[in-house]
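Structure at a glance
Residue-level listing of the chains:
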Amino acid sequence: MEAANGLRLGPEASSALGVVLPRASPAARGPQVSLADLSGQDLVVFPHDEAPGWYDRLLESCRAAGFVPGGVRHASSPEFLLALVAAGGAVAFDQGAAARREPRVAWRPLSGTPLVRRIGAAWPAGPSAHPAAPRFAALAADVLARHGAAAGRRSGASPPPDGPPRPWSVVFG
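Throughout this description, residue numbers start from 1 for each chain and increase along the sequence as written. Owing to the predicted nature of the model, reporting of local features is limited to residues with pLDDT of at least 70; listing and counting of side-chain atom pairs is limited to 80 or more, with chain, interface and lining totals taken over all residues. The side-chain figures draw on all heavy atoms in the structure; neither hydrogens nor water molecules are used.

**What to know about the packing of aromatic side chains**
Working definition: a ring pair exists when centres of Phe, Tyr or Trp rings (six-membered ring for Trp) sit within 6.5 Å. Plane angles under 30 degrees give stacked, over 60 give edge-to-face, the rest tilted. According to the stated counting rule, one finds 2 aromatic pairs in the structure shown. On the numbers, 5.9 Å between centres and 75° between planes, the contact of Phe46 with Tyr55 is edge-to-face. We call a residue buried when its accessible area falls under 20% of the maximum for its residue type, exposed when it is over 50%, and partly exposed in between, using a 1.4 Å probe and counting protein chains only. The class for Tyr55 is buried, based on a relative accessible area of 10%. Relative to Phe93, the ring of Phe67 has its centre 6.2 Å away and its plane inclined at 80°; by these criteria the two rings are edge-to-face. With Phe67 in the loop between helix H1 (52-64) and strand E4 (72-74) and Phe93 in strand E5 (residues 90-94), the pair connects residues that are 26 residues apart, well separated along the chain. One exposure class covers both Phe67 and Phe93, and it is buried. By the criteria applied, helices consist of DSSP H or I runs no shorter than four residues and strands consist of E runs no shorter than two, each listed in order from the N terminus.

Structure representation (structure tokens):
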């Protein structure tokens, strides 16, 4: 599919988000949590300028489901997000992987699956596009769909090497 801005768009991988909350929270005692049950608690999210469209849709989805945060705190790293939640009085949304690394927090699925993260690929349309970009995008979407859409680099993983540009650009976001 071609987007209006000169990009080709590949398939999407979707994953449901759950809530990360302090382990001592009453909401952590049940098997799942509704967004409305979180109303009044602070929400920890990534900074707006990192993904403004997703940020705005996330907050609108929360409000539509009855969750009006008492305040919004920003965390640029999973470690800081977990620390803010573990300190109490705040919640965050995640696929569960981050919560498994911190014993002071709990992860619960959201009832009704109101929050879904979609990740898709985009690459240049036209003759500058690498011919393997669509196949790569399809394979990546398949892996993300089967193993849960990745939420970032694992702790301890080495950063990508600096060096010459790659033979083609495919951006997931």
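**Details of the sheet that holds strand E2 (residues 18-22)**
Pairing between strands requires that DSSP locate at least two bridges from one strand to the other. Spatially, the 5 strands line up as an open sheet ordered E4-E3-E5-E2-E6, and their pairing is mixed. Each having just a single partner strand, E4 and strand E6 (105-109) make up the two edges of the open sheet. Neighbour-to-neighbour, the strand axes of the sheet open up by a mean angle of 30°, direction not taken into account. With 3 bridges joining them, strand E3 (residues 42-45) and E5 adopt parallel strand pairing. Note that in E5 the partner of Asp42 across the bridge is Ala90. Running over the sheet, helix H2 (residues 78-86) touches E2, E3, E4, E5 and E6 and is turned about 140° from E5. Axes here refer to lines fitted to C-alpha atoms; in helices the fit is confined to the stretch in contact. Angles between the N-to-C directions go from 0 to 180 degrees. Contacts between residues were defined by any pair of non-hydrogen atoms, one from each residue, lying within 4.5 Å.

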